[in-house]
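# Summary of structural features
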Amino acid sequence: MIPFLQLVSLFLTTMRILSGIQPSGTLHLGNYFGMMKPAIEWQDRGEALYFIADLHALTTVQDAAELRSNVRDVAVDFLACGLDPAKACFFQQSQVPAITELAWILSTLTPMGLLERCHSYKDKLAKGLAPTHGLFAYPVLMAADILIYDSDVVPVGKDQKQHIEVARDLVLKFNDTFGDTLKLPEPSIPDHTAVVPGLDGEKMSKSYRNTIGMFEEEKSLRKKIMSLKTDSSPMEAPKPVENSTLLDLYKLVASPSDHSQMVAEFLAGGIGYGDFKKRLFGAIWEYFGPMRTRREEILAHPDLVDTVLREGREKANGIADGVMARVRTAVGL
Ligand code: TYM
């Protein structure tokens, strides 16, 4: 959370808002409620820059056709969800060469111990990913993504908090070494949806295979929701409302009154989980309905995506080149 006074002072100047998303598979409810929805809200409050983190995705997607198609899908889906290119600059990470240059310079200042402490590296190894240098240095590239635009605010899900802390540490280290050059960014993490649970109750994540896609086909969505993990309370018994994945997901997509009613029905007993799951399916289907329609419209105009990403690339490079010139001068290149 951003401290109140800092938020007030940020509003007095034009805030620069920056976030990214990996094109490593179908986007899911965790991505939407953890980052995309807040990012779309932020685009009205300052100068927003949102990008598709294709360089980061190379740490897991190593098939050229698959990566290209994922990049396209993310672009279409983000636009369908409400990213407005008239308000936010939208581009592909790999189209901004200064990012990798800054990443190298930052890496010369990055203590190994800082990266060794990062949970996401350890989690990825635990999931069976190969321990490559790219995976290890992932937070340095992410710091470069943020710092190359003098970003003020970075809307992300809770799982990315530590990475923003790395970026902040690197700013302090850089400025201490070379003089005041880089801007200190602040994370913005939504309180209520810090971690969106997946079908098994764990964090919703592509690598846990527990995701619910935003634009899933009706049949597959229904099947997934009906398979959602619940406890074994019989139909007539009251159901626990604490740590209920079903209720947590329903809260994201239903109106507050429908959610309160479901909580009351959980507590009263007499209704089985099957019935609640059907309602959850209906609410998710309805919630993403207008975005599905918008997505069809975008898919019917393939040039739109190219135009948006090309214009975004030009603007992003304009800002990045200015910051990079400052960095080069500061370090003596
Ligand atoms: P990525 O692609 O894994 O996820 C994109 C965004 O979705 C959020 N998210 C979630 N939020 C809540 N609950 C969940 N279950 C959930 N799953 C995903 C993530 O927190 C993220 O905000 N490293 C980043 C991409 C990146 C980036 C950056 C972000 C690269 N450079 C610079 C911000 C700034 C990532 O892998 O996100």
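Residues numbered from 1 in each chain as written. Predicted model: local features only at pLDDT ≥ 70, side-chain atom pairs only at ≥ 80, totals over all residues. Heavy atoms only, no water.

## Observations regarding the environment of L252
Stated formally: By the criteria applied, helices consist of DSSP H or I runs no shorter than four residues and strands consist of E runs no shorter than two, each listed in order from the N terminus.
Checked against the element boundaries, L252 lands in helix α12 (residues 245-253). In this structure the C-alpha to C-alpha distance between L252 and K183, which are 69 residues apart in sequence, comes to 34 Å.

## Section: the domain arrangement of the protein
Selection criterion: Segmentation into domains, and thus their bounds, comes from an automatic or database assignment. By the convention used here, residues are in contact when the closest approach between their heavy atoms is within 4.5 Å. Using a 1.4 Å probe, buried area is obtained as the accessible area two parts lose upon being combined, added over both of them. The definition of a polar contact used here is a pair of N or O atoms within 3.5 Å, where within protein one atom must be able to donate a hydrogen and the other to accept one, and adjacent residues in sequence count solely through side-chain atom pairs.
If you check the domain split of the protein, you get domain 1 (4-195 + 302-331) and domain 2 (216-287). On a C-alpha basis, the centroid separation for the pair domain 1 and domain 2 is 34 Å. Each partner contributes residues to the interface: domain 1 has five residues there, and domain 2 has four residues. Between domain 1 and domain 2, a total of about 400 Å² is buried, with carbon and sulfur atoms accounting for 85% of that surface. One can count zero residue pairs in polar contact (both at pLDDT 80 or more) joining domain 1 with domain 2.

## A closer look at the site of the ligand
The line we're drawing: Neighbouring residues are identified by heavy atoms, a residue being near a molecule or strand if any of them is within 4 Å of it. To be clear on the numbers: accessible area is Shrake-Rupley with a 1.4 Å probe, and residue cover counts the displayed protein chains and nothing else.
Taken together, 28 residues lie around the ligand, and Q22, Y138, D145, D159 and V196 are the ones closest in. Backbone polar atom of V196 to a nitrogen atom of the ligand: 2.8 Å apart, as the coordinates give it. Considering the ligand on its own, with 710 Å² of exposed area, one finds that the protein chains cover 96% of that surface. Residue assignment for the shell around the ligand shows that the elements contributing at least two residues are β1 (16-21), α2 (29-42) and α9 (138-147).

## Concerning the side chain of D145
Counted only if it meets this: With a 1.4 Å probe rolled over the protein chains alone, any residue whose accessible area is under 20% of its type maximum counts as buried; one over 50% counts as exposed, and the rest are partly exposed. In this count, Lys and Arg are taken as positive residues and Asp and Glu as negative ones, while His and the chain termini are left out. Salt bridges are defined by distance alone: a side-chain nitrogen of Lys or Arg within 4 Å of a carboxyl oxygen of Asp or Glu.
Examined against the element boundaries, D145 turns out to sit in helix α9. In this structure, D145 is buried with no salt-bridge partner, the nearest side chain bearing the opposite charge being K124 at 11 Å. At 2.9 Å, the side chain of D145 forms a polar contact with the side chain of Q93. Excluding its chain neighbours within four sequence positions, the residues that come into contact with D145 are L18, F51, H56, Q93 and I99.

## Focus: helix α14 (residues 273-287)
Quick reminder of the rule: Here a helix's expected span is defined as the number of its residues, less one, multiplied by 1.5 Å.
Over its 15 residues, α14 extends 21 Å from the first C-alpha to the last, a length consistent with the 21 Å expected when each residue adds 1.5 Å. For α14, the elements touching its buried residues are α2, α11 (218-226), α12 and α13 (256-268).

## Regarding the environment of L199
Tracing the backbone through its elements, the reader meets L199 in the loop between β5 (186-188) and α11. Judged by its relative accessible area of 12%, L199 is buried. Contacts of L199, omitting those with residues within four sequence positions, involve N210, T211, I212, K224, S227, L228 and K229.

## As for the side chain of K277
Here K277 lies in helix α14. Buried charge K277 goes without a salt bridge, the closest partner of opposite sign being D231 at 9.4 Å. Apart from residues lying up to four places away in sequence, K277 is in contact with I225, M226, S227, L228, T230 and L246.

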